[in-house]
Amino acid sequence: MTLLAKRKERSIVPRMYYITTAIDYTNGPPHIGHAYEKVLADVLARWHRMKGEEVYFLTGVDQHGQKVQQTAEKLGITPQEHVDNITAKFLALWERLGISNDGWASTTDPRHKACVQKILTNLKDRGQLYKKSYKGFYSVRQEQFLTDKERDAEGSFGPEWGEVVELEEENWYFRLTDHVEWMKKFVEKSSGFVLPAFRKAEVLNAIDFDSDLCISRPKSRLSWGIELPFDPEFVTYVWFDALINYVSFAGYLAEPDSGLPEFSKLWPADCEVIGKDILVPAHGVYWPAMLHAMGFSDEEMPTLLVHGWWNINGEKMSKSIGNVVDPNLLAEQFGPEPVRYYLVRDITTGKDANFDADRLVMLYNTELANDLGNLCNRSINMTRRYCDSVISGAEEYDDEASKALRVTMDQAVTLFSKYMDDNMVSDALAALNAQVSACNAYIEQQQPWQLAKDEAAAPRLRCVLRHLLECFAPRRATSSAASCRTLPPASWTSSTPRTCSGAARRIRWPGESSPPGTASMIRLPSSPAFSRKRKRPNWLKKRPGRPKNKADSRECLRILRQIPAGPVLPGRHL
Ligand code: MSP
């Protein structure tokens, strides 16, 4: 009986929303490509928590491999020391960016190693793994076997491969080809395996495999990996280590006292957030084949959410090109919230976008400081000044303009929810921004500062302020712990983002009945959100034209680095 069938039969284990990300290689520090993926997953995790779902959010690091081993050798330290140093940088960045992960996957964790080894043993026992000798051309520099795909137009291997020798090596193989027919059928008929849907064709095209997957490296060549339990001269290589993190850290085959979650509550993953570069063959082909071989059914396959890249002038960010943008630098200059906002606001999920610091500044000044910040601050200040920070008496006044604002609010929330459920964060934000504009127009129309002068207009004034404060709530999904507290009303009193769920429901519109104990009362925070826009920073005026090539983009980054520390822009949130 499959796991899912068992769970259904018992129907006692409540499901959690399980969201994961790719685990980042620890051969270099994080850049904004890594940050985007984690922020995107975090925004989605917060959204599901807001909806009242129990969420388990896992992210982590991929710590084994050749590059780690080589870099550690060069640095004269152990691979473990090297990965610990780099892992610390990832952890510090996620903390800074308010990534609210529940679990942390690091592939040197003994619990992960034990799970990988159990899976390998099971697969070997079931005849899914075998050892064979392979003879082929081997690049000494790149330390990999080459195929005909690597040959140039003249049929030779180019200089990038360095010395190429003929080599014969024994290795362990996974019977990938056993699963090809099943995979074709599964991917073809499934509507939720890979999102956005346009990526499905890519997976289907990649399934035509006529050879099995090599899953090992001899220790003489690579020692920094997980040892094969049945052949200690070998370690498992790349995917049979990395992909398994999604199940190992979800508690698959874990010891009862492992401290890991209950697997049956999490699996199958509702959303594995990955970049387009690791869709095929790794996540789209190897991963379902591995799961299938392990005995998981069609219903137990995860959903892959495939995002595009943040590029710099059309090129993927990469250390070797030298065009990476350090998210720490951005967070230092702009504050973590605007960086999070920009990373999910200026890209469509699934598509690529061009990173542009100019646009980050522009969007901060317009959408955050001017529109949202202004709305929050004006509303909070007026509530403090005119109503002693307490709004009450929801039913005492209503008018057409307020009704109209409620209608646009309902529409905005409906649209926002729909887009968030579809993982389309930038569209969801557009729906919210439209409501922010509607609120700012409502303020101008209602002129609360005039109403405050007339005692008889007090019920109307309270009604106006109440409507304004209500409109902040949906912002929570993109916010980190800090700004989560800016949102009314329950979230203001909580110190962790995980308790935000259901807050939007706590305020009742006039005419709605309030549940007992949740009176129409809003307690206000003591400091402003996204305070007013200041002057544009000088460095932007002096900035050279749009960077067109590598040298220009380096110049742009050099200038970015010269910006004095501290809030160049009004980056203080509550
Ligand atoms: N370790 C593997 C993944 C194993 S998952 C079982 C890996 N690591 S990575 O560090 O190279 O990439 C981690 C994630 O960051 C991938 O999903 C990748 O697509 C994403 N990004 C890396 N650069 C990126 C951009 N420039 N833009 C957006 N995301 C990109 O692959």
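All of the points below concern the structure found in this document. (Residues numbered from 1 in each chain as written. Predicted model: local features only at pLDDT ≥ 70, side-chain atom pairs only at ≥ 80, totals over all residues. Heavy atoms only, no water.)

### Here we look at the nonpolar core
Which entries qualify depends on this criterion: In this description, a nonpolar core means a group of buried Ala, Val, Leu, Ile, Met, Phe, Trp, Tyr and Cys residues linked to one another through side-chain atoms lying within 4.5 Å. Residue exposure (1.4 Å probe, protein chains only): buried if accessible area is under 20% of the type maximum, exposed if over 50%, otherwise partly exposed. Comment: elements are numbered from the N terminus, with helices defined as DSSP H or I runs of at least four residues and strands as E runs of at least two. Working rule for contacts: check all heavy atoms of both residues, and any pair within 4.5 Å makes them a contact.
Ranked by internal contacts, the top residues of the largest apolar core, which has 75 residues, are I19, L97, W310, L343 and F355. If you tally residues by element for this core, the top one is helix 14 (residues 357-387), at 13 residues. Aside from chain neighbours lying at most four places away, what touches W310 is I32, Y36, M317, Y342, L343, D346, I347, A353, N354 and F355.

### Thoughts on the sheet that holds strand 6 (residues 144-146)
Worth spelling out the cut-off: DSSP bridges decide pairing: two strands pair if at least two such bridges lie between them.
Read across the sheet, four strands follow the order 6-5-7-9 without closing on themselves; strand pairing throughout is antiparallel. Of all strands in the sheet, those with a lone pairing partner are strand 6 and strand 9 (213-214), marking the two edges. In the sheet, strand 7 (residues 164-174) pairs with strand 9 via two bridges, with the strands oriented antiparallel. Along strand 9, the bridge assignment pairs F174 with L213.

### A short note on the site of the ligand
Rules: Here, proximity means that at least one heavy atom of the residue falls within 4 Å of the molecule or strand. N or O atoms closer than or at 3.5 Å make up a polar contact, with two conditions inside protein: a donor-capable atom paired with an acceptor-capable one, and, for residues adjacent in sequence, both atoms drawn from side chains. A 1.4 Å probe and the Shrake-Rupley method give the accessible areas. Residues count as covered only by the protein chains that appear here.
In the neighbourhood of the ligand, 25 residues make up the surrounding shell, with I23, E37, D62, G275 and D277 lying closest. Contact between the ligand and I23: a nitrogen atom at 2.8 Å from a main-chain N or O atom of the residue. The separation between an oxygen atom of the ligand and a polar main-chain atom of Y25 is 3.0 Å. Considering the ligand on its own, with 660 Å² of exposed area, one finds that the protein chains cover 95% of that surface.

### Details of the pairing of strand 5 (residues 129-139)
In this sheet, strand 7 lies alongside strand 5 in antiparallel orientation, the contact comprising 11 bridges. When the bridges of strand 7 are listed, K132 appears paired with N171. Note: strand 5 against strand 6, three bridges, orientation antiparallel. Within the sheet, the bridge partner assigned to S139 lies in strand 6 and is Q144. Hairpin connection of strand 5 to strand 6: four residues between the antiparallel strands, including E143 at a positive phi of 50°.

### What to know about the sheet that holds strand 17 (residues 353-354)
Sheet architecture is open: three strands sit in the order 16-15-17, paired in mixed fashion. The sheet is open, and its two borders are formed by strand 16 (315-316) and strand 17, each paired with just one other strand. Where strand 15 (residues 310-312) and strand 17 come together, two bridges link them in parallel fashion. The residue of strand 17 that forms the bridge with W310 is A353.

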